[in-house]
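Chain by chain, the residues:
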Amino acid sequence: MKRTFTIFKSLSLSSLRSPGALFWTVVFPVLLLVILSSIFSNVGKSVSVKVAVVNESSTFKGTNMDFASHIVEALNGMSKATDDKTPLLSIESSTTRSFLQNSIKKLKLGKIDAVLIIPKFFNTYLYARTLHFPLKVKNESLEIYTQRNSQGSNIAFSLLDSIVNAFNREFIKRSGITDQVIPEIKYVSIGKNSSFSYMNFLITGIIVMAFMTVALFGVTDDLLVQREKKVLRRIFVAPINRSHYLFGMTFSNWALEFVQLALILVVGMWMGAKLKIGPSAIFYLLLALFTTTPLGFFVSSFAKSANSGSALANVFNFFFMFLGGLFFPVNNVPTALKVFVYSIPTTYLANGLRDSMGVSPSPTPAYLNVLVPIIWAVVMTLYSMRHFKWEV
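Residues numbered from 1 in each chain as written. Predicted model: local features only at pLDDT ≥ 70, side-chain atom pairs only at ≥ 80, totals over all residues. Heavy atoms only, no water.

**Comments concerning the overall build of the chain**
Then comes step 1: Per the secondary structure count, the chain includes 15 helices and five strands.
Then comes step 2: Out of the 392 residues in the chain, the part that is buried amounts to 46%.
Then comes step 3: The contacts in the chain between residues at least 6 apart in sequence include a share of 79% that link residues at least 24 apart. (Helix = DSSP H or I, 4+ residues; strand = E, 2+ residues; numbered from the N terminus. Buried < 20%, exposed > 50% of the residue type's maximum accessible area, 1.4 Å probe, protein only. Contact = heavy atoms within 4.5 Å.)

In structure tokens:
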């Protein structure tokens, strides 16, 4: 243990004495957080919203009394782009109960902003109100399902409400009826998700990036350079074995990553980030720490020199950062890229961390957010143990 601590102390002091190492591992993640949050602070505040329309109306189909179809047509008209501008609404529509159930699930996951349900006897109810003698017809109310405290859902509800009110006014005008004939819309809230915040989204991605950067460059730069200069050979002549060196280097990187984590959280919260730090969040932070730890050793196993190791580390860093959705959502990337997006560990680490910290629901199942990073960590560790060469 004493020898491991000696290696830990030596490597930690070496990092502290290097201005370049301090900048890229400690200052740069915080600087990137400040720059991206300042430039893209309006991400997620687009006017365009996604709405699912379930038209269950089954009476007077194809006639002038098919009032439900007029509402659907109006919504479809708002979903068409004009003059290359983003449409206000993006509409998905169907008539089946299975579509309704899937739409509610999407709403809970934050994939859509509202669900509009036109009930089965909606047309019959409106037709009965146009007659000049009373009929006992059940009040068929439109229903709008939304998320509580969601900016997108609030916008979607306002748009749907304005469309239905406009239809209501036109219907009153043409039917000659002076009272309100369109049923009152029901506002049904689902879930407890807060509105999207790019700051919250970004800070969780920056944490994963910071862990990955230390693991990649902290190991490849030290390990490969020392191997190339025969420093490792001289170290192992002393009463220090390889396990002492590995544990010392790992503990040194972990210490640096904890400093990174504290600094990122302090700066992020100072800039307005609101994150929940509970047991599940701590679990995903530790999972990210342990998953990224063998990454540098894994890359070093392929490199024959310090220069090739640095180049390879940059390739891994680039793909894991941008395809892992650390800075921007990657849900809508081309299908060809999704193969890479859903095969790398940073995607699942970021999803799990954001879900556990209350940033946004995870688009991937919880078990995959744990299983995929663990598989990567085990495979990288076993490969490194078998193929890394201590001498060249």
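**So, the confidence of the model for the chain**
Then comes step 1: When pLDDT is averaged along the chain, the result is 75; 70% of the residues meet or exceed 70.
Then comes step 2: Per-residue pLDDT, averaged within each element of the chain, yields its smallest value for helix H2 (residues 19–39) (55) and its largest for helix H10 (residues 279–292) (92).
Then comes step 3: Low pLDDT, under 50, characterises residues 39–46; the predicted model gives this stretch 10 contacts beyond four residues in sequence or across chains. (pLDDT = per-residue confidence, 0-100.)

**Regarding the packing of helix H11 (residues 295–302) against helix H15 (residues 366–387)**
Then comes step 1: The geometry of H11 relative to H15 is characterised by a closest axis approach of 9 Å and an angle of 40° between their N-to-C directions. Compared by their axis directions, H11 and H15 come out oblique. Crossing of H11 over H15 shows left-handed handedness. Where H11 approaches H15, its residues Leu-295, Phe-297, Phe-298, Ser-301 and Phe-302 are matched on the opposing element by Met-380, Tyr-383, Ser-384 and His-387.
Then comes step 2: Of the residues contributing to the contact of H11 with H15, the split by class is six nonpolar, three polar and no charged. (Axes fitted to C-alpha atoms, helices over the stretch in contact; angles between N-to-C directions. Parallel < 35°, antiparallel > 145°, perpendicular 65-115°, else oblique. Left-handed = near helix turned anticlockwise from the far one by under 90°. Nonpolar A, V, L, I, M, F, W, Y, C, P; charged D, E, K, R; others polar.)

**What to know about empty space enclosed by the protein**
Then comes step 1: In the structure shown here, the tally under the stated rule is three cavities of 30 Å³ or more.
Then comes step 2: Volume-wise, the largest cavity comes out at about 50 Å³.
Then comes step 3: Forming the boundary of the largest cavity are Ala-215, Val-219, Thr-250, Asn-253, Trp-254, Glu-257, Thr-293 and Phe-297.
Then comes step 4: Counting residues per element, the ones that place at least two in the lining of the largest cavity are helix H7 (198–228) and helix H9 (242–270).
Then comes step 5: Counting residues per element, the lining of the largest cavity draws most heavily on H9, at four residues. (1 Å grid on protein atoms, 1.4 Å probe; cavity = no way out; pocket = protein on both sides within 12 Å on 5 of 7 lines; lining within 4 Å. Points joined across faces, edges and corners; volume = space filled by probe spheres on them.)

**Side note on the pattern of salt bridges**
Then comes step 1: Summed over the entire model, instances satisfying the criterion amount to two salt bridges.
Then comes step 2: Glu-56 is paired through a salt bridge with Arg-97; the nearest N and O atoms lie 2.3 Å apart. On the criterion of sequence distance, the pair formed by Glu-56 in the loop between strand S1 (49–55) and helix H3 (67–78) and Arg-97 in helix H4 (residues 97–109) is long-range, its members being 41 residues apart.
Then comes step 3: Accessibility expressed as a relative area gives 52% for Arg-97, which makes it exposed. (Salt bridge = Lys/Arg side-chain N within 4 Å of Asp/Glu carboxyl O.)

**Looking at the environment of Lys-120**
Then comes step 1: Here Lys-120 is to be found in the loop between strand S3 (114–118) and helix H5 (122–130).
Then comes step 2: Here the alpha-carbon distance between Lys-120 and Asn-55, two residues 65 residues apart in the chain, equals 7.8 Å.

**Quick notes on the packing of aromatic side chains**
Then comes step 1: For the structure on display, the rule yields 12 aromatic pairs.
Then comes step 2: Ring centres of Trp-254 and Phe-290 lie 5.2 Å apart, and the angle between their planes is 85°; on these two criteria the pair is classed as edge-to-face. Highlighted residues: Trp-254 in helix H9 and Phe-290 in helix H10, separated in sequence by 36 residues.
Then comes step 3: Ring centres of Phe-283 and Tyr-284 lie 5.3 Å apart, and the angle between their planes is 75°; on these two criteria the pair is classed as edge-to-face.
Then comes step 4: The exposure class of Phe-283 is partly exposed, given its relative accessible area of 41%.
Then comes step 5: Judged by relative accessible area, which is 10%, Tyr-284 ranks as buried.
Then comes step 6: The structure contains a cluster of three or more aromatic residues connected by ring pairs, namely Phe-298, Phe-302, Phe-316, Phe-320, Trp-376 and Tyr-383. (Phe/Tyr/Trp six-rings, centres within 6.5 Å; stacked < 30°, edge-to-face > 60°.)

**Some words on the nonpolar core**
Then comes step 1: By size, the foremost hydrophobic cluster in this structure holds 46 residues, and its most contacted members are Ile-207, Leu-216 and Leu-326.
Then comes step 2: Of all elements in the fold, only H7, H9, H10, H11, helix H12 (306–322) and helix H14 (345–356) reach the threshold of two or more residues within this core.
Then comes step 3: Here the element with the most residues in this core is H7; it accounts for 14 residues.
Then comes step 4: Apart from the residues within four sequence positions on either side, Leu-216 is in contact with Leu-295, Gly-296, Val-299, Ala-313, Phe-316 and Asn-317.
Then comes step 5: Of all hydrophobic cores here, the second largest spans 25 residues; its members include Val-53, Ile-71, Ile-118 and Leu-159. (Core = buried A, V, L, I, M, F, W, Y, C linked by side-chain atoms within 4.5 Å.)

**Considering a nonpolar patch on the surface**
Then comes step 1: Where nonpolar side chains cluster on the molecular surface, the patch consists of Met-269, Ile-277, Ile-282, Leu-286 and Phe-290 and spans about 440 Å² of accessible area.
Then comes step 2: Among the elements that line the nonpolar patch, the one with the most residues is H10, at three residues.
Then comes step 3: With respect to the helices, strands and loops of the structure, Ile-282 is situated in helix H10. (Patch = residues over 30% accessible without salt bridge, like charges linked within 9 Å, V, L, I, M, F, W, Y side chains within 5 Å. Areas by Shrake-Rupley, 256 points an atom, 1.4 Å probe, with all protein chains shown as cover.)

**A word on the packing of H14 against H15**
Then comes step 1: Look at H14 against H15: their axes get within 8 Å of each other, and the N-to-C directions meet at 145°. Helix-helix and strand crossings are classified by hand; for H14 and H15 the assignment is left-handed. Of the residues in H15, those touching H14 at Pro-345, Tyr-348, Leu-349, Asn-351 and Gly-352 are Leu-368, Asn-369, Val-372, Pro-373 and Trp-376.
Then comes step 2: Residue classes in the contact of H14 with H15 are distributed as seven nonpolar, three polar and no charged.

**Focus on the environment of Ile-206**
Then comes step 1: Its place among the elements puts Ile-206 in helix H7.
Then comes step 2: On the basis of relative accessibility, which here comes to 0%, the residue Ile-206 falls in the buried class.

**A short note on the side chain of Arg-354**
Then comes step 1: In this structure, Arg-354 sits in helix H14.
Then comes step 2: Among buried Asp, Glu, Lys and Arg side chains, Arg-354 stands out as unpaired, with Asp-355 the closest opposite charge at 10 Å.
Then comes step 3: If we skip the residues at most four places from it in the chain, Arg-354 touches Phe-201, Thr-204, Gly-205, Gly-325, Leu-326, Val-359 and Ser-360. (Lys, Arg positive; Asp, Glu negative; His and termini not counted.)

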